[in-house]
Amino acid sequence: MPPSRKTVFLMGVRGQCPRCGGENLFQSPFRLYPNCPSCGLPIEKEDGWGLGAIPLNYAITCLFWVLPVTILFMVGIFTLKAALLTAGIGCLVIPFLTYRFSKRLWLGIYFAVLPHELDEESG
């Protein structure tokens with residue numbers, strides 16, 4: 001019996017292969033293996049496949065950095081200059097810090113939405 005969409009999503013978010021549960025899908029801090037080292041599931045699809053992680057990374061940065069800084073400015077804790085500087089620095093740094101998480105989140109979403117792709121053989 002194939003795993004449920006929820007299980008596939010959670011395995012992807014944890015950085016496990018959505019098919020076999022194998023760990024260590026990253027070959028370097030900013031690069032996924034093209035295929036799962038354990039079962040051969042194609043992880044990096046065609047060019048542009050990983051672009052789905054970009055809006056996720058953007059949303060994480062906006063929700064958890066820019067929005068709180070904006071609120072702190074609105075209630076008077078930050079001056080305009082301090083808010084812009086803090087938000088700007090965060091917008092440059094946060095995406096690098098959350099890159100792996102956003103890639104894992106995209107992996108989980110992709111295979112949960114398209115579970116038939118788990119049946120693909122390595123190419």
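Above: the structure in question.
Source: prediction; values computed, not measured.

A.B. asks: Go over the overall build of the protein, please, and point to the residues and values.
C.D. replies: A count of helical and extended segments in the protein gives four helices and two strands. Listed N to C, the secondary structure of the protein is α-β-β-α-α-α in terms of helices and strands. The C-alpha radius of gyration computed for the protein amounts to 18 Å, which surpasses the reference 14 Å derived for 123 residues by more than 25%, pointing to a less compact arrangement than a globule. Summarising its shape, the C-alpha atoms of the protein cover approximately 55 × 25 × 20 Å along the three principal directions. Relative to its 123 residues, the protein shows a buried fraction of 36%. Restricting the contact set of the protein to residue pairs at least 6 apart, pairs at least 24 apart contribute 57%. Of the accessible surface of the protein, which amounts to about 7,600 Å², a share of 68% is contributed by carbon and sulfur atoms. Averaging the locations of the 10 positively and 8 negatively charged side chains of the protein gives two centres separated by 12 Å.

A.B. asks: Summarise the packing of helix α2 (residues 53–74) against helix α3 (residues 80–97); cite the residues concerned and give the values.
C.D. replies: Two numbers describe how α2 lies on α3: the axes approach to 10 Å, and their chain directions differ by 165°. In terms of orientation, α2 lies roughly antiparallel with respect to α3. Crossing of α2 against α3: the hand is right-handed. Facing N57, T61, W65, V66, V69 and F73 of α2, the residues of α3 in contact are L80, A83, T86, A87, G90, C91, I94 and P95. Residues belonging to the contact of α2 with α3 are distributed by class as follows: 10 nonpolar, four polar and no charged.

The rules behind each value
- Residues numbered from 1 in each chain as written.
- Predicted model: local features only at pLDDT ≥ 70, side-chain atom pairs only at ≥ 80, totals over all residues.
- Heavy atoms only, no water.
- Helix = DSSP H or I, 4+ residues; strand = E, 2+ residues; numbered from the N terminus.
- Rg over C-alpha atoms; globule rule 2.2 N^0.38 Å.
- Buried < 20%, exposed > 50% of the residue type's maximum accessible area, 1.4 Å probe, protein only.
- Contact = heavy atoms within 4.5 Å.
- Areas by Shrake-Rupley, 256 points an atom, 1.4 Å probe, with all protein chains shown as cover.
- Lys, Arg positive; Asp, Glu negative; His and termini not counted.
- Charge placed at Lys NZ, Arg CZ, Asp CG, Glu CD.
- Axes fitted to C-alpha atoms, helices over the stretch in contact; angles between N-to-C directions.
- Parallel < 35°, antiparallel > 145°, perpendicular 65-115°, else oblique.
- Left-handed = near helix turned anticlockwise from the far one by under 90°.
- Nonpolar A, V, L, I, M, F, W, Y, C, P; charged D, E, K, R; others polar.

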